[in-house]
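Structural features, examined
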Amino acid sequence: MAQLKLRDVEKTYGGLVNVLRHIDLEIEAGELIVFVGPSGCGKSTLLRMIAGLEKISGGTLEIDGQVMNDVPPAQRGIAMVFQSYALYPHMTVRENMAFALKIAKKSKAEINAAVEEAARALQLEPYLDRLPKALSGGQRQRVAIGRSIVRDPKIYLFDEPLSNLDAALRVATRIEIAQLKERMPDRTMIYVTHDQVEAMTLASRIVVLANKGIAQVGTPLDLYERPENELVAQFIGSPA
Ligand code: ADP
Ligand code: MG
């Protein structure tokens, strides 16, 4: 059974503008799915609906067989990873990652175990007692990801780093996510980008969004060898 099921999902903002319609999609546990498509096609909207940060206007979203349409974000077993989120400058890496668990009143032992496991997955073990200012940009980003990982979500959602982010950091993020996926093979990740090169290199399957719907779903090879329409062919074939 698919872990995540979208059936005939649609989104209208303010009851007027139809942004997405007839979205049918099934995602299996452990996939690394990339949503790709031109700016403004609804990638962030789709991700935010899955996360529960945006209301679904029509259709159903199921996770593990349970309809999630009206379930609040915190109860979906999903983490929306905000890579650009500022860290608490006065807290160590360990304290930054432990923060959400402290608020949730977890025991010290549970917190330590979760933080250490996350630090292992992100290769942050040597930096746990440092302050953010003593880290590189890439390491800081990993700490930001670590703050979601400690809550042990089954599904991770990443929205593209802002396109004005420098190219080196974009590449670092891509590598980060690929490595993280390797260390957490049973976790599902959905990554949003408008960059087809990023999509082709990261994804187990790519969902191409265009014209308010899904233009094609397939492996990078499927899309490359058998684009189902002109739009997909153009998008996959054009430079970033
Ligand atoms: P993408 O992430 O693919 O660039 P978005 O999901 O951000 O696209 O936006 C899809 C469309 O929905 C765009 O036309 C955008 O202007 C519109 N949109 C996004 N958020 C809102 C909002 N809160 N209210 C009204 N329109 C919105
Ligand atoms: Mg977006």
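An unreviewed UniProt entry lists the chain under the name sn-glycerol-3-phosphate ABC transporter ATP-binding protein UgpC, with Pseudooceanicola albus given as the organism. Quoted verbatim from the Sequence similarities (unreviewed entry) heading of the UniProt record, the comment on the chain is "Belongs to the ABC transporter superfamily."

If you tally the helices and strands in the chain, you get 8 helices and 10 strands. Its C-alpha radius of gyration of 18 Å places the chain within 12% of the 18 Å reference for a compact globule of 240 residues. Taken along the three principal axes of its C-alpha coordinates, the chain extends 50 × 40 × 35 Å. Residue burial in the chain is summarised as follows: out of 240 residues, 38% are buried.

In the vicinity of ligand 1, the contacting residues are Tyr 13, Val 19, Gly 37, Ser 39, Gly 40, Cys 41, Gly 42, Lys 43, Ser 44 and Thr 45. It is helix 1 (residues 43-51) that contributes the most residues to the shell around ligand 1, 3 residues altogether. Residues belonging to the shell around ligand 1 are distributed by class as follows: 3 nonpolar, 6 polar and 1 charged.

This next bit is on the sheet that holds strand 7 (residues 155-158). Pairing is mixed in the open sheet, where 6 strands are placed in the order 6-7-8-3-9-10. Sheet topology places strand 6 (78-81) and strand 10 (213-218) at the edges, where each strand pairs with a single neighbour. Going across the sheet, the axis of each strand differs from the next one's by a mean of 20°, ignoring polarity. As defined by bridge partners, strand 9 (residues 205-210) adjoins strand 10 across 5 bridges and the pair is classed as antiparallel. Paired with Ile 206 across the two strands is Gly 218, which belongs to strand 10. Along the sheet face, helix 1 touches strand 3 (32-36), strand 6, strand 7, strand 8 (188-193) and strand 9 and points at about 150° away from the line of strand 8.

It is worth spelling out the environment of Gly 30 at this point. Tracing the chain through its elements places Gly 30 in the loop between strand 2 (17-27) and strand 3. Judged by C-beta crowding, with 15 C-beta atoms within 10 Å, Gly 30 ranks as partly exposed. Those residues in contact with Gly 30 that lie beyond four places of it in its chain are Pro 185, Asp 186, Arg 187 and Thr 188.

So, on to the environment of Ala 118. On the secondary structure map, Ala 118 appears in helix 3 (residues 108-121). It is 8.9 Å that separates the C-alpha atoms of Ala 118 and Asp 152, two residues lying 34 residues apart in sequence. Not counting residues within four places of it along the chain, the set of residues in contact with Ala 118 comprises Met 97, Gly 146, Ile 149 and Val 150.

Among the residues of helix 2 (residues 93-103), those classed as buried are Val 93, Arg 94, Asn 96, Met 97, Ala 98 and Leu 101. Among the structural elements, helix 3 and helix 4 (137-149) are those in contact with the buried residues of helix 2.

This paragraph deals with the sheet that holds strand 1 (residues 4-13). Judged by pairing direction, the sheet is antiparallel, and its 4 strands sit side by side in the order 2-1-4-5 without closing on themselves. Single-partner strands in this sheet number two, and they are strand 2 and strand 5 (66-67). Contacts from helix 1 reach strand 1, strand 2 and strand 4 (58-63) within the one sheet, and its direction differs from that of strand 2 by about 60°.

What counts as what
Residues numbered from 1 in each chain as written. Chains lettered and ligands numbered in written order. Predicted model: local features only at pLDDT ≥ 70, side-chain atom pairs only at ≥ 80, totals over all residues. UniProt positions renumbered as here; feature names shortened; annotations may be inferred. Helix = DSSP H or I, 4+ residues; strand = E, 2+ residues; numbered from the N terminus. Rg over C-alpha atoms; globule rule 2.2 N^0.38 Å. Buried ≥ 20, exposed ≤ 12 C-beta atoms within 10 Å, placed from the backbone. Near = placed C-beta within 6 Å. Nonpolar A, V, L, I, M, F, W, Y, C, P; charged D, E, K, R; others polar. Pairing = 2+ DSSP bridges. Axes fitted to C-alpha atoms, helices over the stretch in contact; angles between N-to-C directions. Contact = placed C-beta atoms within 7 Å.

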